[in-house]
Amino acid sequence: MKFDLLKDDFSIPAAEEKVLAFWDTRSVFHQCNELAKDKPHFVFYEGPPTANGVPGIHHVISRTIKDLICRYKAMQGFRVDRKGGWDTHGLPVEIEVEKQLKLENKAQVIEYGVAEFNAKCKASVFKYLDQWNRITRRMGYWIDLDDAYVTLTNEYIESVWWILKNFFDRDLIYKGYKTLPFCPRCETGLSSHEVAQGYQLIKDPSIFVKVKAADEDFSYLVWTTTPWTLPSNAALCMHPEADYVMVEHEGEKLVLAEALISKVFGEDKEVLKRFKGADFERRQYIPLFDIFADKTDKAFYVINGDFVTLEDGTGIVHIAPGFGADDYEIGQKYGLPVLQAIEANGIFKDFAGKYAGMFIKDADPIIIKDLKSAGRLFKKELYEHNYPFCWRCDSPLVYIARQSWYLKTTQFKDQLIRNNNAINWYPDEIRSGRMLDWLENNVDWALSRERFWGTPIPIWVCDDDKCGKMRAVGSIEQLRKEAKDLSEPVELHKPMMDEVKLTCECGSEMTRIPEVLDCWFDSGSMPYAQWHYPFENEDEFKIKYPADFISEAVDQTRGWFYSMIAISTILYDQPPFKNNVVMEFILDKEGKKMSKHKGNVTDPFETMDRFGADPTRWYLLANSAIWVPTKFDPDTLAEVVRKYFDTLRNTYSFFALYANIDEVVDKAAEAGVSIETYLDKKAGEPDRFDRWIMSRYQSLVKEVTGNFDKYEITKAVRAIQHFVIEELSNWYVRNNRRRFWATGDDPAKMRAYLTLYRVLLGVCKLTAPVTPFTSEMLFKELMGLDKEAPLSVHMTSFPKPDETLIDKQLEKTMGLIEKAVSLGRAARSRKNLKVRQPLAEFLVSLPNQMSFDKLEGFLDILRDELNVKKVSAAGRLDQYVSYSAKLNFKAAGPRLGGDVKKAADLLNQLTSDQVREGEQTGEFKIAIEGREVVLSSEEVQVVRMEKEGFAVESDGGLSVTLVTELSEELLQEGFARELVNKIQNMRKSSGFEVTDRIRVTLNSTERVKLAAQRHDEFIRSETLADELEFAQATGNAKEWNINGEKTSISVVKV
RNA sequence: GGGCCUAUAGCUCAGUUGGUUAGAGCGCGCGCCUGAUAAGCGCGAGGUCAUUGGUUCAACUCCAAUUAGGCCCA
């Protein structure tokens, strides 16, 4: 058996499909879990997605992170149970079904039948389950979907009920009002997401109304853009610290904010009196309408609020607590009644006098007309603003206060903040910024939704108004016991739960409140409800609460993150998870949000079919830090494939190519040992390159482990990428190719095999959490016929760094060598000296008096890479180089302070000799304004400048000099190498095999001929030429320019 | 309107506790290699570090404001 070279028509997506088939047929995920059974737990919570929407590319990144951390921890010896989950309740499901059934509002749903409607909802919840299963499998996300928790099951709901009862019995749930955007036509509250979709710039009437003060001779000038809310007015609000004035206008005394006089009247007005807003607090006024005038004595006075702005209007705001969140909140503070003259459907109530039965927008002009005839209208304008409309029916939304059930989260504010602080957030700004901000401004959690498809809130209220007792039910058992008549099977949903009656202590019947639960409460209950705790699995729950790790996108701050923290805090006063990696969104390549109607949505299936799942995963992690928005660009993804994946595969197939020639797989199998053991037995001593790459590899293991442990995923992935491309492929393999060409069991070759084998195997394991497919594929190849080998790379242990193999000095030296090579190439390139032309000498000057001896044993690398005859220390080259000195600001700055610039100037003025002397003595003396200042060699950087015949390049403290003078001997060798190059080109273009022997005919100048004769053997052995003759060109001759000498060459196979 | 994040080369991104030559990959230009070969490698050009002000001997880095994009909330 041979290693598969993974060449020719290799395709990543096709290879991944093979790995998937292997995982499936051998149940690899399951087997991994079995192996981990007795290991310590690393607890992961899956944030449940909703399967009634299609999966997008952003799901791929979030699941890649989850998968990566779970696989990493599993390889580190933890048991990582990965229970899946599905979020199944909520408005999106209902809307989907309404669309399907062409229902437009709640009334129509009721008419259609709640039972049937909810059955449809239940059926549609997993509408795209197939796509979710496909993407989960295709991207290599290992999660247990067979045992997933589902929020609509009786078990799950029962746990949620248990939590709710706990809260209810602790008196933490109460009934209040919640202001929400409401579509009067659909009779539905809208989520903020839906509201955001429907903003339009429109012109609304904006009216200024004179409101008479009670028992005083003036009017408040009040501004509003929603005339239809005026009949529900309860108060006027002024800013307590703002300046208000009384002015006279057409014989009437009016009060308004001083800052707005000219805006309101179009001119200045004489100020009769000045006040602060606070001066008016609690002063009564005469209501504009008498609808509520006789119904309450608690309203119709001036209140103070900070939110009043002096930019528009009059600085006096009309307050209708029934409409508008600010209004409601301040109303609560002052104990104002919630007055609502309209029904939820936007129709004025019966008691609303002449407006009864009118739709709000139709009532607007009539209200304005009535105010005018009553002499209360000051003026009317049109006001342009963004206003939300229903995205379904295009009706203007109204902000309306609805009765709602609340959880007293504000009571736990301090604990919430404390528990939030105990969580490691990645990045930390979420903890200290977004989440803290949210918690500090915490308002009680509005739990209820006036909808159909959700967890029914298990609170029953006595039908007898006078009794009004309430009771929470916390289990099915309790329900069975207390219900008057409960049919089986029990289904914890509407409408069944609406029909269940309990008996009150007073003897009356109790009816369940009609609302369902906010579905964020469902998902926030998952730490308990996924186990059906406390009814079952108590042990399991105790082990798996709290979680070690979760990860979702930043939009979950106020969603799942908050709901989990809130419930966990109130229930057990501890954080529900310890580490949370929060991702940013994925934008299109222009940095714009992806959205369906823009058509810039990336289809994850298409991406993975085209590039593969591993490159997609790699790209999403490596391209930018995961908490920075990623601009998704398929071109960059293609680059990832070329750079990283192709390089890794090429490195592997280079190894495989030669190892196959030596039949490594079969010989190891014959010997009955692993390939590594086989190679190890035959390998010679590691040389400097072997020790270097192993040292770098061990350092990489350390770096990757450290970064994964800190959830610095991007840094870890980038470190691996750099190692594979630059160090393994580009430096180790390139510099050691010749070792692989040796024949037989050459020990140096076997050591090279072994080194490359070990590093490749190590890289497989290091990357297994990131690129599970590629790692698996290479791992299986590298294992050959070894019967002892683990079934899967995912069953192996994550590499641990072997400190004894780390040689920092060696890494540093090799780094200098690489740098010197790079500088030498730059020098050659600048002087137009191709590498084929040998040069006499290369001089190296090391930073900070580092001894040249350090490079001992590495100089041949410089000779080979740079094609020079000799490499030596730069010391004796003073005569050809001029020196100048520059100040090292970082070193000298703190000591010199304000003198730093002067010192830098003076240092620049030193002569070459002075600098050279300074470098030798280690002291640079300058005089700053008469004072002598001595700078140490640490504080000064010496720069060498080249003179004629030399090429100097410097970087940091390292500086190299190329002697560019060419002797005739060097030139001759240059001709010879040039000839070799051209002959090789012709071999190739003639289609010869690499082993074909040839005959070469040359026709050229004397100079070239001389050079060719002198290097005859070299040329022939390099080009596999039996003969090199000088004659007239034959048939296939080609003209070449050999370093300026015209030459014709022909090659024939012998 | 409030909170948070982002802005560095044509593109995608690095840039340690502030230190004077701001890095890498792609793309582009030039070249090299031809025993990893429909691959590989090198060198080069390219930047007012979004704008404005401040702190400092010294600011891409710290502070403030502004502009643009993103997220969340009003």
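Residues numbered from 1 in each chain as written. Chains lettered and ligands numbered in written order. Predicted model: local features only at pLDDT ≥ 70, side-chain atom pairs only at ≥ 80, totals over all residues. Heavy atoms only, no water.

Moving on, we come to the overall build of chain A. Check the secondary structure of chain A and you find 37 helices and 38 strands. Its C-alpha atoms give chain A a radius of gyration of 40 Å, clearly above 31 Å, the size a compact globule of 1054 residues would have. Seen through its principal axes, chain A has C-alpha atoms that stretch 120 × 85 × 60 Å. Counting across all 1054 residues of chain A, residues that qualify as buried make up 55%. If you take every contact in chain A between residues at least 6 apart in sequence, the share linking residues at least 24 apart comes to 76%. (Helix = DSSP H or I, 4+ residues; strand = E, 2+ residues; numbered from the N terminus. Rg over C-alpha atoms; globule rule 2.2 N^0.38 Å. Buried < 20%, exposed > 50% of the residue type's maximum accessible area, 1.4 Å probe, protein only. Contact = heavy atoms within 4.5 Å.)

What follows concerns the sheet that holds strand E20 (residues 501–503). In spatial order, the strands read E19-E18-E21-E20; together these four strands make up an open sheet with antiparallel pairing. Of all strands in the sheet, those bounded by a partner on one side alone are strand E19 (470–472) and E20. For this sheet, the mean angle separating the axes of adjacent strands, direction not counted, is 35 degrees. In terms of strand pairing, strand E18 (residues 459–462) meets E19 through three bridges, oriented antiparallel. Opposite valine 461, over in E19, you have methionine 470 as the bridge partner. Together, E18 and E19 form the strand contacts of helix H8 (residues 154–169), whose direction differs from that of E19 by roughly 140 degrees. (Pairing = 2+ DSSP bridges. Axes fitted to C-alpha atoms, helices over the stretch in contact; angles between N-to-C directions.)

Averaged over all residues, the pLDDT of chain A equals 87, while 96% of them reach at least 70. Across the interfaces of the predicted complex, the ipTM metric reaches 0.90, alongside a pTM of 0.86. (pLDDT = per-residue confidence, 0-100.)

Here we take up the protein's contact with RNA strand B. Close contacts around RNA strand B come from 48 residues, with Lys593, Asn623, Trp741, Arg836 and Lys886 the closest. When the atoms of RNA strand B within 4 Å of the protein are grouped by moiety, sugar and phosphate amount to 67% of the total. In this structure, arginine 558 approaches RNA strand B through a side-chain N or O atom, which is 2.8 Å from a sugar or linking oxygen. Of all the elements in the fold, those that place two or more residues in the surface near RNA strand B are helix H14 (429–440), helix H23 (634–661), helix H27 (713–740), helix H30 (808–830), helix H32 (889–896), helix H33 (900–909) and helix H35 (968–989). Looking at side-chain class alone, the surface near RNA strand B contains 11 nonpolar, 14 polar and 23 charged residues. (Near = heavy atom within 4 Å. Polar contact = N/O pair within 3.5 Å; in protein donor to acceptor, adjacent residues only side chain to side chain. Nonpolar A, V, L, I, M, F, W, Y, C, P; charged D, E, K, R; others polar.)

A few words now on the environment of leucine 397. Mapping leucine 397 onto the fold places it in the loop between strand E13 (377–388) and strand E14 (398–407). The class for leucine 397 is buried, based on a relative accessible area of 0%. Sequence separation of leucine 397 and leucine 180 is 217 residues, and the distance between their C-alpha atoms is 9.5 Å.

Let's shift gears to the pairing of strand E21 (residues 509–512). A one-sided burial pattern is seen for E21, the buried positions being Met510 and Arg512 and the unburied ones Glu509 and Thr511. For E18 and E21, the ladder comprises three bridges, and the chain directions are antiparallel. Among the inter-strand pairings, tryptophan 460 is bridged to a residue of E21, identified as arginine 512. Of the pairings in the sheet, the one linking E20 to E21 comprises three bridges and is antiparallel in character. By the bridge assignment, threonine 503 is partnered in E21 with glutamate 509. Hairpin connection, E20 to E21: the antiparallel pair is bridged by five residues, and glycine 507 has positive phi, about 100 degrees.

Our focus in this paragraph is helix H25 (residues 675–682). Along H25, the residues classified as buried are Ile675, Tyr678 and Leu679. For H25, the buried positions fall inside an angular range of 95 degrees around the axis, keeping them on one side. Each element contacted by the buried residues of H25 is listed here: helix H24 (664–671), helix H28 (747–767) and helix H29 (772–783). (Arc of directions from axis to C-beta.)

This part is about the side chain of glutamate 158. Within the fold, glutamate 158 resides in helix H8. Only 2.6 Å separates the side chain of glutamate 158 from the side chain of histidine 532, close enough to count as a polar contact. Not counting the four nearest positions on each side in its chain, glutamate 158 is found in contact with Gly474, Ser475, Ile476, Glu477, Leu492, His532 and Phe535.

In contact at an axis separation of 8 Å, H35 and helix H36 (residues 1006–1014) are set at 80 degrees when each is read in the N-to-C sense. Taken together, the axis directions place H35 and H36 in an arrangement best described as roughly perpendicular. Only Arg1007, Val1008, Leu1010, Ala1011, Ala1012 and Arg1014 of H36 make contact with H35, whose side of the interface consists of Glu968, Glu969, Leu971, Gln972, Phe975 and Leu979. (Parallel < 35°, antiparallel > 145°, perpendicular 65-115°, else oblique.)

With that out of the way, let us pick up the pattern of salt bridges. Counted according to the given criterion, the structure contains 67 salt bridges. Here aspartate 243 and lysine 276 are joined by a salt bridge, their closest N and O atoms 2.9 Å apart. Remark: lysine 276 occurs in strand E10 (residues 271–276) and aspartate 243 occurs in strand E8 (residues 243–249); sequence separation between them is 33 residues. Look at lysine 276 and you get partly exposed, because its relative accessible area is 37%. A salt bridge links glutamate 381 to lysine 379, with the shortest nitrogen-to-oxygen separation between them at 3.1 Å. (Salt bridge = Lys/Arg side-chain N within 4 Å of Asp/Glu carboxyl O.)

It is worth spelling out the packing of helix H26 (residues 688–709) against H27 at this point. Relative orientation of the contacting elements H26 and H27 amounts to 170 degrees, with a least axis distance of 9 Å. One way to sum up the angle between H26 and H27 is to call them roughly antiparallel.

Below, the discussion takes up unusual backbone geometry. Look at the link from tyrosine 426 to proline 427: it is a cis peptide, with omega at 0 degrees. Positionally, proline 427 belongs in the loop between strand E15 (424–426) and H14. Not every positive phi belongs to a glycine, and serine 27 is a case in point at roughly 50 degrees. By the element assignment, serine 27 lies in the loop between helix H1 (12–26) and helix H2 (28–35). For asparagine 867, which is not a glycine, the phi torsion comes out positive at approximately 55 degrees.

Once that is clear, we can look at the sheet that holds strand E37 (residues 1038–1042). Strand order in the open sheet formed by four strands is E36-E35-E38-E37, with mixed pairing between adjacent strands. In this open sheet, the two edge strands, each paired with only one partner strand, are strand E36 (1025–1030) and E37. Here the strands of the sheet are splayed against their neighbours by 30 degrees on average, with no regard to which way each runs. The pairing of strand E35 (residues 998–1003) with E36 spans five bridges and is classified as parallel. Following the sheet pairing, valine 1000 is matched in E36 by leucine 1028.

On to the packing of aromatic side chains. Summed over all chains, the structure comprises 59 aromatic pairs. With centroids separated by 6.2 Å and ring planes inclined at 85 degrees, the aromatic side chains of phenylalanine 167 and phenylalanine 521 adopt a geometry described as edge-to-face. Here the residue phenylalanine 167 occupies a position in helix H8, and phenylalanine 521 occupies one in helix H17 (residues 519–524), the gap between them amounting to 354 residues. With respect to burial, phenylalanine 167 and phenylalanine 521 carry one shared label: buried. Summarising the aromatic geometry, the rings of tyrosine 528 and tyrosine 545 are spaced 5.6 Å apart at their centres and angled 50 degrees between planes, so their arrangement reads as tilted. On the criterion of sequence distance, the pair formed by tyrosine 528 in helix H18 (residues 526–529) and tyrosine 545 in the loop between helix H19 (538–543) and strand E23 (547–553) is long-range, its members being 17 residues apart. You can call tyrosine 545 buried: its relative accessible area is 9%. A connected cluster of aromatic rings, assembled from ring pairs, spans Phe3, Tyr652, Phe654, Phe655, Tyr658, Phe740, Tyr753 and Tyr757. The residue whose ring lies beneath lysine 269 is phenylalanine 265, and the NZ or CZ to ring-centre distance is 5.2 Å. Above the plane of the ring of phenylalanine 208 lies lysine 379, whose end atom (NZ or CZ) is 5.0 Å from the centre. (Phe/Tyr/Trp six-rings, centres within 6.5 Å; stacked < 30°, edge-to-face > 60°. Lys NZ or Arg CZ within 6 Å of the ring centre and 35° of its normal.)

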